[in-house]
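# Coordinates in review
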Amino acid sequence: MDKHTPGIEAARHAMIDALEAGTGEPPLRAWVDALVRPLAAKLDDEDGGRAFLRVQAELMRQPDATLEHRAKQNRGAERLLRGMTRATTGAVPVPRALLAARMLLVTGLLFHGMSDYLARDAGGPPPRAVFVEALVDAIEALLAASPSASALAAGRRG
């Protein structure tokens, strides 16, 4: 873990620095890119990067394996969560409980998606670039989706 995390965090901070240095509020897609792309680089890392992603997917099964929990311990995750939350709730107000549920789904999709992709290496997965773009699309769509009336009601009940 210690071998891979610093490089991922450095890449993520550089992306976030660029987003925050721009004018105006960055779009949700840019924040999702900063979430996905530094990790996706590990798909091609023959020096343990693939194992790192598989271990991360297993760690997602832990009760505290949420982006919110990581944000309390990790400055990059905190900055990313703050930016993604602003971009997500800027267009459509989303109750906190519903946003937390969506972020849980995001982390699962992110890590389990990459781990599942790696498990299909021998079976002919889609090209890596296609997979990464589809992953960014899926996470962006998940966060940007207008909540249904029943999801909003459930979110308000908390």
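Quick caveat: nothing in here was measured; it's all calculated off a predicted structure. (Residues numbered from 1 in each chain as written. Predicted model: local features only at pLDDT ≥ 70, side-chain atom pairs only at ≥ 80, totals over all residues. Heavy atoms only, no water.)

With that out of the way, let us pick up the environment of Thr 88. Within the secondary structure, Thr 88 is located in helix α5 (residues 75-91). Judged by its relative accessible area of 5%, Thr 88 is buried. Taking the C-alpha atoms as reference points, Thr 88 and Leu 99, 11 residues apart in sequence, are found 8.6 Å from one another. Setting aside residues up to four positions removed in sequence, Thr 88 forms contacts with Leu 28, Leu 99 and Leu 143. Within the structure, Thr 88 has its side chain in polar contact with the backbone oxygen of Met 84 (distance 2.7 Å). (Helix = DSSP H or I, 4+ residues; strand = E, 2+ residues; numbered from the N terminus. Buried < 20%, exposed > 50% of the residue type's maximum accessible area, 1.4 Å probe, protein only. Contact = heavy atoms within 4.5 Å. Polar contact = N/O pair within 3.5 Å; in protein donor to acceptor, adjacent residues only side chain to side chain.)

Let's shift gears to the nonpolar core. Membership of the largest hydrophobic core comes to 38 residues, with the highest contact counts inside it found for Val 36, Leu 43, Leu 110, Met 114 and Ile 139. For this core, the elements supplying multiple residues, two or more each, are α1 (5-21), α2 (28-40), α3 (49-59), α5, α6 (96-119) and α7 (128-144). Leaving out residues up to four positions away in the same chain, Met 114 has contacts with Val 36, Leu 39, Ala 40, Leu 43, Leu 53, Leu 109, Phe 131 and Leu 135. (Core = buried A, V, L, I, M, F, W, Y, C linked by side-chain atoms within 4.5 Å.)

The next point concerns the packing of α2 against α7. With their axes 9 Å apart at the nearest point, α2 and α7 run at an angle of 140° to one another. By the angle class used here, α2 and α7 are oblique. Classified by chirality, the crossing of α7 by α2 is right-handed. Taken together, the residues of α7 that come into contact with α2 (itself represented by Leu 28, Arg 29, Val 32, Asp 33, Leu 35, Val 36, Arg 37 and Ala 40) are Arg 128, Val 132, Glu 133, Leu 135, Val 136, Asp 137, Ile 139, Glu 140, Leu 143 and Ala 144. Of the residues contributing to the contact of α2 with α7, the split by class is 11 nonpolar, no polar and seven charged. (Axes fitted to C-alpha atoms, helices over the stretch in contact; angles between N-to-C directions. Parallel < 35°, antiparallel > 145°, perpendicular 65-115°, else oblique. Left-handed = near helix turned anticlockwise from the far one by under 90°. Nonpolar A, V, L, I, M, F, W, Y, C, P; charged D, E, K, R; others polar.)

With that out of the way, let us pick up the packing of α6 against α7. Two numbers describe how α6 lies on α7: the axes approach to 10 Å, and their chain directions differ by 170°. One finds that α6 runs roughly antiparallel with respect to α7. Regarding α6 and α7, the two cross each other, and that crossing is right-handed. Contacts from Arg 102, Met 103, Leu 105, Val 106, Leu 109, Leu 110, Gly 113, Met 114 and Tyr 117 in α6 reach Arg 128, Phe 131, Leu 135, Ala 138, Ile 139, Leu 142 and Leu 143 in α7. Here the contact of α6 with α7 is built from residues that sort into 13 nonpolar, one polar and two charged.

Attention now moves to the confidence of the model for the protein chain. Confidence along the protein chain averages 85 in pLDDT terms, with 87% of residues attaining 70 or more. Of all helices and strands in the protein chain, the one with the weakest mean pLDDT is helix α4 (residues 67-73) (58), whereas α2 scores best (95). (pLDDT = per-residue confidence, 0-100.)

Tracing the backbone shows Arg 12 in helix α1. Within polar-contact distance, the side chain of Arg 12 engages the backbone oxygen of Ala 34 at 2.9 Å.

On to the pattern of salt bridges. A complete count under the given rule lists 14 salt bridges for this structure. Lys 3 serves as the salt-bridge partner of Asp 47, at 2.9 Å between the closest nitrogen and oxygen. Of this pair, Asp 47 sits in the loop between α2 and α3 while Lys 3 sits in the segment before α1, and the two are 44 residues apart along the sequence. Using a relative accessible area of 54% as the deciding quantity, one classes Lys 3 as exposed. (Salt bridge = Lys/Arg side-chain N within 4 Å of Asp/Glu carboxyl O.)

The next subject is α7. If you check α7, its first and last C-alpha atoms are 24 Å apart, about what 17 residues at 1.5 Å a residue would give, namely 24 Å. Taken as a whole, α7 has its buried residues at Phe 131, Val 132, Leu 135, Val 136, Ile 139 and Leu 143. For α7, the angular spread of buried residues about the axis comes to 135°, placing them on one side. (Expected span 1.5 Å × (residues − 1). Arc of directions from axis to C-beta.)

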